[in-house]
Amino acid sequence: MSEPFLRIENITKTFKDNLVVKGVDLAFNKGEFVSLLGPSGCGKTTILRMIAGFERPTTGQIIVDGNDVTDLPPNRRKIGMVFQAYALFPNMNVADNIGFGLKIAGMPKAEREARVEEMLKLISLPSLGKRFPFELSGGQQQRVALARAIAPRPSMLLLDEPLSALDAKIRVSLRQEIRQIQRELGITTVFVTHDQEEALSISDRIVVMNAGKVEQFGTPFEIYNRPASRFAATFVGTLNTLGAKVTDAASRTVTIDGQSLTLDRLPAGVRNGDSVALTLRPEAVSLATGRRTTLHSTGACRAWPSSVRSCGSRSIWARTPSTSTSSTTSTVRRRPTTTRCRSPSSVAISSFSTTEAWRRRIASARFVA
Ligand SMILES: Nc1ncnc2c1ncn2[C@@H]1O[C@H](COP(=O)(O)OP(=O)(O)OP(=O)(O)O)[C@@H](O)[C@H]1O
Ligand SMILES: [Mg+2]
């Protein structure tokens, strides 16, 4: 495995007395697309600004391609950045906006114009070079901002919620475009978002952050199916949390409401008598409406020490068919929807109406950790 392209080593950041980034260690590979995902105020922008050089870490180091850049000013870091508010220069046309960084770098006019043309093609706006920002849609402006960031051939691209000002439909198409351009150029990219779906759909890896710390760093699959903490589990996607007690750690046996289950894995260090929380994604549970109700689980489950039981309410998130006519297997193919089923429930989930039946169903579920 080659050396990581970007290493963030034990970074902290304090604003006055406020510690907002609390010892973050991360390593990104060359050409990788990594998303920083977390709730508002968790420190995503602050980390991005430290990578770019707009903020200095209070402690720790930033290493790019083997070089310590912690004390380098932004203009010596070869980084392209796109901000949340696209911030194009309003008094310059599109071509001049895109060529701005090239001009500052002293690129000759003819070469600059050729590069701007190339960039306009790349962002699928080949004929709009003469327009001014106010003559563009929000999505077009954001593409121009992207072109301006990548025109000087930066070694890294930093995107701070570049799509947040756009409506949902354009967001989806533009994020795919960004990803495609990023792949074509093979440029290492850090993408900030608080939209989990966005992060899960376009990233090679995701950093889940909470309150200045990294909760988990992994592939979208790992983040979704193997959450490393309660926060990571509940922040990403919908899920059921089932309280359980470890009865025999050696054989990974736990009990839920007295019902025994063997898990595929338990976290290291868990002992007999510990309380753990099991998580079950809705798509791991299929319910058919009608009198005969079935419950399958083939999805992921993960446990970690906890004393909280949140399934005592006898409700569970499950995938229910979008139509109420056919069998579970065929309805699953017909775009099932996620529903919270309560017991007793008016959606004919009769098997949830008694504790006994609920236990039986959970017991027959297969937990794959
Ligand atoms: N220049 C600053 N001076 C003082 N506090 C700051 C400064 N910049 C950020 N903060 C604080 O640091 C914390 C993290 O801010 P940051 O902008 O990194 O959050 P974020 O994760 O990007 O949030 P959002 O999703 O809302 O953009 C916040 O509590 C914020 O108020
Ligand atoms: Mg931010």
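Here the residue index of a chain counts from 1 through its sequence in written order. Each chain gets a letter, beginning with A, and each ligand a number, beginning with 1, in the order they are written. Whole-chain, interface and lining totals are the exception, using all residues; otherwise, since this is a predicted model, local features are given only for residues with pLDDT of at least 70 and side-chain atom pairs are given and counted only at 80 or more.

## Comments concerning the pairing of strand β11 (residues 240-248)
Part 1: Two strands form a pair only when DSSP identifies at least two bridges running between them. Per the convention used, a helix needs a DSSP run of H or I reaching at least four residues, while a strand needs a run of E reaching at least two, with both numbered from the N terminus. By the bridge criterion, 3 bridges tie β11 to strand β12 (residues 253-256) in an arrangement that is antiparallel. Paired with Val246 across the strands is Val254, a residue of β12.
Part 2: Once β11 ends, the chain turns through 4 residues before running back antiparallel as β12, passing Arg252 with a positive phi of about 60 degrees.

## Comments concerning the sheet that holds strand β3 (residues 33-37)
Part 1: Pairing is mixed across the open sheet formed by 6 strands, whose spatial order is β6-β7-β8-β3-β9-β10. Looking at the sheet topology across the chains shown, the edges are occupied by β6 (79-82) and β10 (213-218). Direction aside, neighbouring strands of the sheet carry axes that sit 15 degrees apart on average. To obtain an axis, a line is fitted to C-alpha atoms, over the contacting stretch when the element is a helix, and the angle between two such axes runs from 0 to 180 degrees between their N-to-C directions.

## Looking at the nonpolar core
Part 1: A set of buried residues drawn from Ala, Val, Leu, Ile, Met, Phe, Trp, Tyr and Cys, joined through C-beta atoms within 7 Å, is what defines a nonpolar core. Buried residues are those with 20 or more other C-beta atoms within 10 Å of their own C-beta, exposed residues have 12 or fewer, and partly exposed residues lie in between; C-beta atoms are placed from the backbone. Ile98, Met119, Leu146, Ala147, Leu158, Val207 and Val208 are the most contacted members of the largest nonpolar core, which totals 66 residues.
Part 2: With 6 residues, helix α4 (residues 138-150) is the largest single contributor of residues to this core.
Part 3: In this structure Ala147 touches Ile98, Met119, Leu120, Leu122 and Ile123, once residues within four positions along its chain are discounted.
Part 4: Core analysis: the next-biggest nonpolar cluster, separate from the first, contains 9 residues, Ile256, Val276, Ala277 and Leu278 among them. Here contacts are defined at the residue level, using C-beta atoms placed from the backbone and a cut-off of 7 Å between them.

## Here's the deal with the site of ligand 1
Part 1: Here is the check we use: build the C-beta atom from the backbone, and if it is within 6 Å of the molecule or strand, call the residue near. By nearness alone, every residue bordering ligand 1 is listed as Phe15, Asn18, Val20, Gly38, Ser40, Gly41, Cys42, Gly43, Lys44, Thr45, Thr46 and His194.
Part 2: At the level of elements, β2 (18-28) and α1 (44-52) are the ones that each hand at least two residues to the shell around ligand 1.
Part 3: Looking at the shell around ligand 1 element by element, the count peaks at 3 residues for α1.

## So, the environment of Gly41
Part 1: Within the secondary structure, Gly41 sits in the loop between β3 and α1.
Part 2: Taking the C-alpha atoms as reference, Gly41 lies 8.6 Å from Asn210; in sequence the two are 169 residues apart.

## Focus on helix α5 (residues 168-185)
Part 1: The terminal C-alpha atoms of α5, which comprises 18 residues, lie 26 Å apart, in line with the 26 Å expected from a rise of 1.5 Å per residue.
Part 2: Turning to α5, its buried residues are Leu174, Arg175, Ile178, Ile181 and Gln182. Around the axis of α5, the buried residues are gathered within 130 degrees of arc, so they sit on the same side. Opposite the packed face of α5, turned more than 90 degrees from it, sit the exposed residues Lys169, Ser173, Gln176, Gln180 and Glu184.
Part 3: Where α5 is buried, its residues contact β3, α3 (109-122), α4, β7 (156-160), β8 (188-193) and α6 (196-202).
Part 4: Directly beyond the C-terminal end of α5, a positive phi value near 60 degrees is found at Gly186. Multiplying 1.5 Å by the helix residue count minus one yields the expected span of that helix. Taking the helix axis as origin, the arc is that swept by the directions to the C-beta atoms.

## What to know about the packing of helix α2 (residues 94-104) against α3
Part 1: Axis separation between α2 and α3 bottoms out at 9 Å; the angle between their running directions is 130 degrees. Classified by the interaxial angle, the pair formed by α2 and α3 is oblique. When you trace α2 past α3, the crossing you get is right-handed. Contacts from Ala95, Ile98, Gly99, Leu102 and Lys103 of α2 reach α3 at Arg112, Arg115, Val116 and Met119.
Part 2: When residue character is reported, Ala, Val, Leu, Ile, Met, Phe, Trp, Tyr, Cys and Pro are called nonpolar, Asp, Glu, Lys and Arg charged, and the others, Gly included, polar. When the residues that make up the contact of α2 with α3 are grouped by side-chain class, the tally is 5 nonpolar, 1 polar and 3 charged. Just so you know how the angles are binned, under 35 degrees is roughly parallel, over 145 roughly antiparallel, 65 to 115 roughly perpendicular, and the rest oblique. Crossing handedness: left-handed means the near helix sits turned counterclockwise from the far one by under a right angle, and right-handed means the same turn made clockwise.

## A look at the environment of Ala211
Part 1: Secondary-structure assignment places Ala211 in the loop between β9 (205-210) and β10.
Part 2: We classify Ala211 as partly exposed; it has 15 C-beta atoms within 10 Å.
Part 3: Taking C-alpha positions, Ala211 is 9.5 Å from Leu19, a pair spaced 192 residues apart along the chain.

## A short note on the sheet that holds β2
Part 1: The sheet built from 4 strands is open, its strands ordered β2-β1-β4-β5 with antiparallel pairing. A strand with exactly one partner marks an edge of an open sheet, and here the two such strands are β2 and β5 (67-68).
Part 2: For strand β1 (residues 6-15) and strand β4 (residues 59-64), the ladder comprises 5 bridges, and the chain directions are antiparallel. Paired with Thr12 across the strands is Thr59, a residue of β4.

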